[in-house]
Every structure is written in structure tokens, then in C-alpha cells.
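# Summary of structural features
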Amino acid sequence: MNNAHGALCWAPENINMGKPHAASHHAAGDYDIYLLAQSWSAHFCCQHADKCHTVPWAFSANHLSLHGLWPGFTMPRSGGETFPENCSTKAKLVQEAMPRDYIDLAPSYTTWNATKHQAEVGGLAKHEWLKHGTCSGLSPDGYFAEALRAFSLLPGDRGTPELIKANVGGSVSAAALRSSYAKRVAIKADRGCNLSEVTACFSKLPDGRIDAQVDCPDHVMRGRDSPNCSTIRINQLGQCMLDAKKKR
């Protein structure tokens, strides 16, 4: 594949790239729904400053960014399983450039190579591929491309509703934010009702690509939604540090 386009490659199973993942009883392609988890970087950076990849002028400072695209089950399987993980597949992630859009939409997935002037596969990308991407039935380049396509199917500017963009540093009605989406999404916030993540759900095409957005199943809402927050605070990057100073 052409590196100039930031493509990912896949290699035969006998090429060892990255750490091996634990054996799994799940078969690649055996799922019926996708979850797209998007993080609010300002909140993540407050909680994990050492892992923060966002700066004030970055796209991710005022847009939702990719946490992960996860194959899942609409209805829990035996034993309560809600998603497959660590599936056996011949496709292996090769350390090469990430798609250009990942610099904006998924900064935690990339490591910038100043010599080659390209975004390379980072630690989170490797983790997400091994745990979730291997179960998609797609090649690595196909899997990461589908995450970007999922963003394009959501409202607003590259997957971020205008209501969020227009209220960074302020608050929005949780009901209004939910109504920005065509289908039911899980909106996760902390105890102070500060936005943390938004999870949208999609049906799956027979070839493993995402299809239309669907209502997130009840088990997703139970695990990833904050129903008690009537108002959601949209923190700006660094706001937690300002709040901490005010409390002193």
C-alpha cells in the first residue's frame, strides 16, 4: 500500500508484530452490532494528564475523539458476555503510518514521527486492534477506516454535534444533546456531570463494515450512560486546573 496516503497494512500470521494477545474462544465476525466510543479529551486529560495527547489548538480540544470501535452483541450471550475480544485472525497490524484523519480524530492512536513527518501506529491503536479489531473480521486498514466512517455518519462536524462545539466551557441540556442524535446514544459523565464519553451504536453489514446507526441496547445504556445528569458540563481543555485553583 502507498504510505503517502497513510495506509495501514496487514501481513500473514507468521509475521510477528506487537505483543501476542491471549487466546480467545470468540470467532472473528461473530457479532451483530458496533459500538463507537468517543471521548471528550478535556475530561480525559484532567483524569490522565500523563496520557494526554491534546493541546489547546488541536482539533480534539473542541471535538469528540476516538476511544474505540468495538464489535458487540445486541443481546448478552451465555455468561453475560456483551462483546467478543482477542479473536484469532490471520491479519496482523504492521507498524506503518495511520490515516491522516487520525491526527485530528484519534490523537491517542498516533505517535508523530518528526523525521518522516507522519503519524505512526501508537500504543492505543495496537491495543484496540488486538482486543477489538481482531474480532471485526476486517483487515487492520479496513477496521481503522470503518471507525472514521462511523464518525461521518454522526451529526455535526466530523462526528461532534454542534451543540457540543458551541458550548465548550459551558453546559447543555442532556435531553437536547440526546436529541442531536438520530438514535439512542449513551452519554457518560462523571459525578459532577462533566462530559466524559459518548457511545453510539451501529448495525453490521455481512462483510463486517458498519451499517446504519441504531438505538444502543439496554446493556450498553446501563454500563455507559449517566441518566441522572439533566445538565451536562462541556469542560474546556485545562478547565479542571482552573477549577482547582479557585478552590484553594
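Procedures and definitions
- Residues numbered from 1 in each chain as written.
- Predicted model: local features only at pLDDT ≥ 70, side-chain atom pairs only at ≥ 80, totals over all residues.
- Heavy atoms only, no water.
- Helix = DSSP H or I, 4+ residues; strand = E, 2+ residues; numbered from the N terminus.
- Buried < 20%, exposed > 50% of the residue type's maximum accessible area, 1.4 Å probe, protein only.
- Contact = heavy atoms within 4.5 Å.
- Areas by Shrake-Rupley, 256 points an atom, 1.4 Å probe, with all protein chains shown as cover.
- Pairing = 2+ DSSP bridges.
- Core = buried A, V, L, I, M, F, W, Y, C linked by side-chain atoms within 4.5 Å.
- Arc of directions from axis to C-beta.
- Salt bridge = Lys/Arg side-chain N within 4 Å of Asp/Glu carboxyl O.
- Disulfide = S-S within 2.5 Å.
- Axes fitted to C-alpha atoms, helices over the stretch in contact; angles between N-to-C directions.
- Parallel < 35°, antiparallel > 145°, perpendicular 65-115°, else oblique.
- Nonpolar A, V, L, I, M, F, W, Y, C, P; charged D, E, K, R; others polar.
- Polar contact = N/O pair within 3.5 Å; in protein donor to acceptor, adjacent residues only side chain to side chain.

Our next topic: the overall build of the chain. For the chain, the count of helices and strands is 8 helices and 11 strands. Expressed as a percentage of its 248 residues, the buried residues of the chain come to 47%. By sequence separation, contacts in the chain at least 24 residues apart represent 74% of the contacts at least 6 residues apart. On the chain, roughly 12,200 Å² of surface is accessible, and the fraction owed to carbon and sulfur atoms is 52%.

Sheet topology places strand 9 (residues 195-204) next to strand 10 (residues 210-214); 3 bridges connect them, and they run antiparallel. Directly across from Phe 202, in strand 10, lies its bridge partner Gln 213. Linking strand 9 back to strand 10 in an antiparallel pair, the connection comprises 5 residues, with Gly 208 at a positive phi of about 95 degrees.

Counting 45 residues, the largest nonpolar core has Tyr 102, Phe 144, Leu 195 and Ile 232 as the members making the most contacts within it. Residues in contact with Tyr 102, not counting those within four places in the same chain, are Leu 66, Pro 107, Tyr 109, Thr 110, Phe 144, Ala 147 and Leu 148. By size, the runner-up hydrophobic cluster in this structure holds 9 residues, among which are Ile 33, Leu 35, Ala 37 and Trp 70.

Listed as buried for helix 3 (residues 123-131) are Ala 125, Glu 128 and Trp 129. For helix 3, the angular spread of buried residues about the axis comes to 100 degrees, placing them on one side. Of the surrounding secondary structure, the elements contacted by the buried residues of helix 3 are strand 3 (64-72), strand 4 (92-93), strand 6 (118-121) and helix 4 (140-152).

Counting across every chain of the model gives 10 salt bridges. Note that Asp 104 and Arg 158 form a salt bridge whose closest N and O atoms lie 3.3 Å from each other. Highlighted residues: Asp 104 in helix 2 (residues 102-105) and Arg 158 in the loop between helix 4 and helix 5 (162-165), separated in sequence by 54 residues. A relative accessible area of 29% places Arg 158 in the partly exposed class. In the salt-bridge network here, residues are joined through shared partners; they are Arg 100, Asp 101, Asp 104 and Arg 158.

Before going further, it helps to examine the state of the cysteines. Following the criterion strictly, the structure yields 3 disulfides and no others. Note on cysteine connectivity: Cys 193 is disulfide-linked to Cys 229, with sulfurs 2.1 Å apart. As the torsion about the S-S bond is roughly -90 degrees, the Cys 193-Cys 229 disulfide counts as left-handed. Taken together, the residues Cys 193 in the loop between strand 8 (186-189) and strand 9 and Cys 229 in the loop between helix 7 (218-224) and strand 11 (231-233) connect sequence positions 36 residues apart. Taking relative accessible area as the criterion, Cys 229 reaches 7% and is therefore assigned buried.

On to the packing of helix 3 against helix 4. Two elements in contact, helix 3 and helix 4, have axes separated by 11 Å at closest approach and are oriented at 105 degrees. The angle between the axes of helix 3 and helix 4 places the two elements in the roughly perpendicular class. On helix 4, the residues that touch Ala 125, Glu 128 and Trp 129 of helix 3 are Pro 140, Tyr 143 and Phe 144. A per-class count over the contact of helix 3 with helix 4 returns 5 nonpolar, no polar and 1 charged.

Looking now at the pairing of strand 8. As paired strands, strand 8 and strand 9 are joined by 4 bridges and run antiparallel to one another. From the neighbouring strand, Ala 189 faces strand 9, where its bridge partner is Leu 195. Hairpin connection between strand 8 and strand 9: a loop of 5 residues separates the two successive antiparallel strands, and Cys 193 in this loop has a positive phi of roughly 60 degrees.

With that settled, the discussion passes to the environment of Asp 190. Along the polypeptide, Asp 190 turns up in the loop between strand 8 and strand 9. Here Asp 190 falls in the partly exposed class, since its relative accessible area comes to 25%. The spatial distance from the C-alpha of Asp 190 to the C-alpha of Arg 233 is 9.8 Å, given a sequence separation of 43 residues. With near-sequence residues (within four places) excluded, Asp 190 lies in contact with His 43 and Cys 229. Side-chain polar atoms of Asp 190 contact the backbone nitrogen of Asn 194, separated by 2.9 Å.

So, to be careful, I would describe these as geometric facts and stop short of saying anything about function.
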